[in-house]
Amino acid sequence: MTEIEVKKTQESLQDRLAQVVELLHRQRVVEDLTHRQEGPHHDLVENLVHRQNLVELQRKLDDLHSADVAYILEALPLEERLTVWQLVQADRDGDILLEVSDSVRETLIADMDDHELLAAAKEMDADELADLAPELPRDVIHELMETLDGQQRERVRSALSYDEEQVGALMDFEMVTIREDVSLEVVLRYLRRLKELPGHTDKLFVVDYDGVLKGVLPIKRLLVNDPEKQVAEVMASDPVSFHPDEDAYDAAQAFERYDLISAPVVDKNGKLIGRLTIDEMVDLIREESESEVLNMAGLREEEDIFASVWKSLRNRWAWLAVNLVTAFIASRVIGLFEGSIEKLVALAALMPIVAGIGGNSGNQTITMIVRAMALDQVSTGNTSRLMRKELAVGLINGLVWGGVIGVVAYLLYGSWSLGVVMTAAMTLNLLLAALMGVLIPMTLARLGRDPAMGASVMITAMTDSGGFFIFLGLATIFLL
């Protein structure tokens, strides 16, 4: 898809959201007007107007893809969201529940009764059920498992047995397997007898009679080779494969590295038990990126933008409390030098510059380190070299930009010694920012925590307190 086509798609989606919002607004306005009017046919008029608006809204929703409906639901306040959700066709409930974010899905499931949940879940594959099961009521899960056949039940249990960050929790069980001792013509006839191929089928999996993976047959090889050839002659015997207990994010990186669309999942004996597909990997990478952004801001989990005040408070209070403590420490650092600030008022005007530039530089370093750690580019062998590199960057930036602000301070206040102190303080604070920018995420990772968790909050606290202390301390020593 070209950039222009993507832009058109996005604009179209925004237009559709605007149309849905307009219909909801029109419905509220008309309902308000009919409520104010009195008359013998008041109830009839109100009912007709209500139905007319809902029918038009439902027609609009029926024309949308499930992912687009999910986007619209996420963009609406709770009351309007539930209004739209009630208008969605029942046979689409399952697809939409899988598309929306976890926080929005919680509100939709809470609005559904057990019968509706069962009907939606019955339309899902085993891997989709495993993704949704943790959020369903226990009695619904129990009743749902009883309605599945033996193979489906075993597949759901298998997927649920793995952690959500493991390959086994994301693998798909729908795939096409063939033998290596048959001709391509036989394979083609077999494919024609199938009603449809599983989604993202770019290769067929070659197994022996015990189900052990022998290789893969890419569809493009099947189509361009002589139909009389055997599968064993044209298959790839060394495909990229994964084990169900591997880290899912490592698998996603492999998909990106090798441009995969699907890949087999095998157990410790080499037996084919499922496959990974590109759509799951894209979703995983997006969720991981969103999680890192939230963690760096000190948010514990994804938050529904229209969640209740209490839920939002619970999600945000922890790191705000930490930030309050660090801000208090920074204020006490300033308090230590009240006498110096009283004697030289210029210090009060200049010290936020030192702290602000240090915080910005530290956040740049942390972002680079967290990204490198996510890509497994940081190891014990290159940590010291990485530290030296970041310190060198901090030193050069400090001397250059510290020199610039030092000249500005001299021109403003006519004191060359103040300019020198400003340059020295800026340089030392950027060195501190570089050091902390490397140490904070690495320390968090060593403690078994997410390297991005609250990193932005912590680096800002370090550079604020450190910047104030360095600048005011140097000014006290050399100027006063």
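Residues numbered from 1 in each chain as written. Predicted model: local features only at pLDDT ≥ 70, side-chain atom pairs only at ≥ 80, totals over all residues. Heavy atoms only, no water.

With respect to the pattern of salt bridges
In step 1: Under the counting rule described, the total for this entry stands at eight salt bridges.
In step 2: One salt bridge connects Arg16 with Asp68, and the closest N-O pair in it is separated by 3.2 Å. Of this pair, Arg16 sits in helix α1 (residues 3–36) while Asp68 sits in helix α3 (residues 66–74); the two residues are 52 residues apart in sequence, bridging distant segments of the chain.
In step 3: With relative accessibility at 29%, the residue Arg16 sits in the partly exposed group.
In step 4: A salt bridge links Arg155 to Glu174, with the nearest nitrogen and oxygen atoms 3.5 Å apart. (Salt bridge = Lys/Arg side-chain N within 4 Å of Asp/Glu carboxyl O. Helix = DSSP H or I, 4+ residues; strand = E, 2+ residues; numbered from the N terminus. Buried < 20%, exposed > 50% of the residue type's maximum accessible area, 1.4 Å probe, protein only.)

With respect to empty space enclosed by the protein
In step 1: Applying the stated criterion to the full structure yields one cavity of 30 Å³ or more.
In step 2: Of the pockets and cavities examined, the largest cavity occupies roughly 40 Å³.
In step 3: Around the largest cavity, the lining residues are Leu129, Ala133, Ile141, Leu144, Met145, Val156 and Leu160.
In step 4: Each residue belonging to the lining of the largest cavity can be placed in one class, and the counts come to seven nonpolar, no polar and no charged. (1 Å grid on protein atoms, 1.4 Å probe; cavity = no way out; pocket = protein on both sides within 12 Å on 5 of 7 lines; lining within 4 Å. Points joined across faces, edges and corners; volume = space filled by probe spheres on them. Nonpolar A, V, L, I, M, F, W, Y, C, P; charged D, E, K, R; others polar.)

Considering the layout of surface pockets
Unfilled space is identified by rolling a water-sized probe across the atoms.
In step 1: Roughly 320 Å³ of internal volume is contained in the second largest pocket.
In step 2: In terms of lining, the second largest pocket is formed by 16 residues, of which the most central are Tyr249, Gln253, Arg371, Ala374 and Leu375.
In step 3: Elements that contribute at least two residues to the lining of the second largest pocket include exactly α15 (248–258), α16 (278–296) and α19 (346–374).
In step 4: Element by element, the count of residues in the lining of the second largest pocket is highest for α16, at six residues.
In step 5: Here the lining of the second largest pocket is built from residues that sort into eight nonpolar, three polar and five charged.

Re the UniProt feature "domain: CBS" (unreviewed entry) in the protein chain
In step 1: Annotation from UniProt places "domain: CBS" (unreviewed entry) at residues 171–233 and 235–291.
In step 2: When the span residues 171–233 is considered, its composition is 30% helix and 21% strand, and the gap between its end C-alpha atoms is 28 Å.
In step 3: Helix makes up 44% of residues 235–291 and strand makes up 19%, while its end C-alpha atoms are separated by 39 Å. (UniProt positions renumbered as here; feature names shortened; annotations may be inferred.)

What about the UniProt feature "transmembrane region" (unreviewed entry) in the protein chain?
In step 1: UniProt's feature table lists "transmembrane region" (unreviewed entry) at residues 317–337, 349–370, 391–413, 419–440 and 452–479, given in the numbering used throughout.
In step 2: From the first C-alpha to the last, residues 391–413 spans 31 Å; its make-up is 100% helix and 0% strand.
In step 3: Along residues 419–440, the helical share is 100% and the strand share 0%, with 31 Å between the first and last C-alpha atoms.

Focus: the packing of α19 against helix α21 (residues 416–446)
In step 1: Two elements in contact, α19 and α21, have axes separated by 8 Å at closest approach and are oriented at 30°. One finds that α19 runs roughly parallel with respect to α21. Remark: the crossing between α19 and α21 carries right-handed chirality.
In step 2: Of the residues belonging to the contact of α19 with α21, the class tally is 23 nonpolar, six polar and no charged. (Axes fitted to C-alpha atoms, helices over the stretch in contact; angles between N-to-C directions. Parallel < 35°, antiparallel > 145°, perpendicular 65-115°, else oblique. Left-handed = near helix turned anticlockwise from the far one by under 90°.)

Digging into helix α10 (residues 150–160)
In step 1: Buried within α10 are the following residues: Gln152, Arg155, Val156 and Ala159. The arc enclosing the buried residues of α10, seen along the axis, measures out at 100°, which places them on a common side.
In step 2: On its buried side, α10 packs onto α8 (126–132), α9 (138–147) and α11 (167–170).
In step 3: Here α10 starts with a cap whose side-chain oxygen sits 3.2 Å from the backbone nitrogen of Gln151, and that cap is Asp149. (Arc of directions from axis to C-beta. Contact = heavy atoms within 4.5 Å. Polar contact = N/O pair within 3.5 Å; in protein donor to acceptor, adjacent residues only side chain to side chain.)

Some remarks on the environment of Pro227
In step 1: Tracing the backbone shows Pro227 in the loop between α13 (219–224) and α14 (231–234).
In step 2: Taking the C-alpha atoms as reference points, Pro227 and Val187, 40 residues apart in sequence, are found 8.9 Å from one another.
In step 3: Pro227 has contacts with Ser183, Leu184 and Glu185, leaving out every residue within four places of it along the chain.

Section: the nonpolar core
In step 1: Core analysis: the largest hydrophobic core is formed by 56 residues, its most contacted members being Leu73, Val84, Trp85, Ile96, Phe242 and Leu276.
In step 2: Per-element accounting of this core gives the leading share, five residues, to α15.
In step 3: In this structure, Ile96 is in contact with Ser66, Val69, Ala70, Leu73, Trp85 and Val88, ignoring residues within four places of it in sequence. (Core = buried A, V, L, I, M, F, W, Y, C linked by side-chain atoms within 4.5 Å.)

Regarding the packing of helix α20 (residues 383–413) against α21
In step 1: The geometry of α20 relative to α21 is characterised by a closest axis approach of 7 Å and an angle of 155° between their N-to-C directions. Classed by the angle they form, the pair α20 and α21 counts as roughly antiparallel. Viewed along their axes, α20 and α21 form a crossing whose handedness is right-handed.
In step 2: The residue inventory of the contact of α20 with α21, partitioned by class, reads 20 nonpolar, 10 polar and one charged.

As for the pairing of strand β3 (residues 213–218)
In step 1: Of all six residues in β3, five are buried, a share of seventy percent or more.
In step 2: Taken together, strand β2 (residues 203–207) and the strand that follows it, β3, pair antiparallel across an intervening segment of five residues, in which Gly211 is found at a positive phi of about 85°. (Pairing = 2+ DSSP bridges.)

Looking at a nonpolar patch on the surface
In step 1: On the surface, Leu395, Ile396, Leu399, Val400, Trp401, Val404, Val408, Leu412 and Tyr413 cluster together into a nonpolar patch covering about 850 Å² of accessible area.
In step 2: Positionally, Leu395 belongs in helix α20. (Patch = residues over 30% accessible without salt bridge, like charges linked within 9 Å, V, L, I, M, F, W, Y side chains within 5 Å. Areas by Shrake-Rupley, 256 points an atom, 1.4 Å probe, with all protein chains shown as cover.)

What to know about the environment of Tyr413
In step 1: By the element assignment, Tyr413 lies in helix α20.
In step 2: With 277 residues separating them in the primary sequence, Tyr413 and Leu136 have C-alpha atoms 67 Å apart.
In step 3: When near neighbours in sequence (up to four residues on either side) are disregarded, Tyr413 contacts Ala346, Ala349, Leu350 and Leu418.

Regarding unusual backbone geometry
In step 1: Of note, His200 is a non-glycine position whose phi angle comes to about 60°, a positive value.
In step 2: Of note, His200 is situated in the loop between α12 (184–193) and β2.
In step 3: Even without being a glycine, Asp259 presents a positive backbone phi close to 55°.
In step 4: Within the element layout of this structure, Asp259 appears in the loop between α15 and β4 (262–266).

Brief notes about the side chain of Ser340
In step 1: One can find Ser340 in helix α18 (residues 338–343).
In step 2: Ser340 has contacts with Leu347, Thr476 and Leu480, leaving out every residue within four places of it along the chain.

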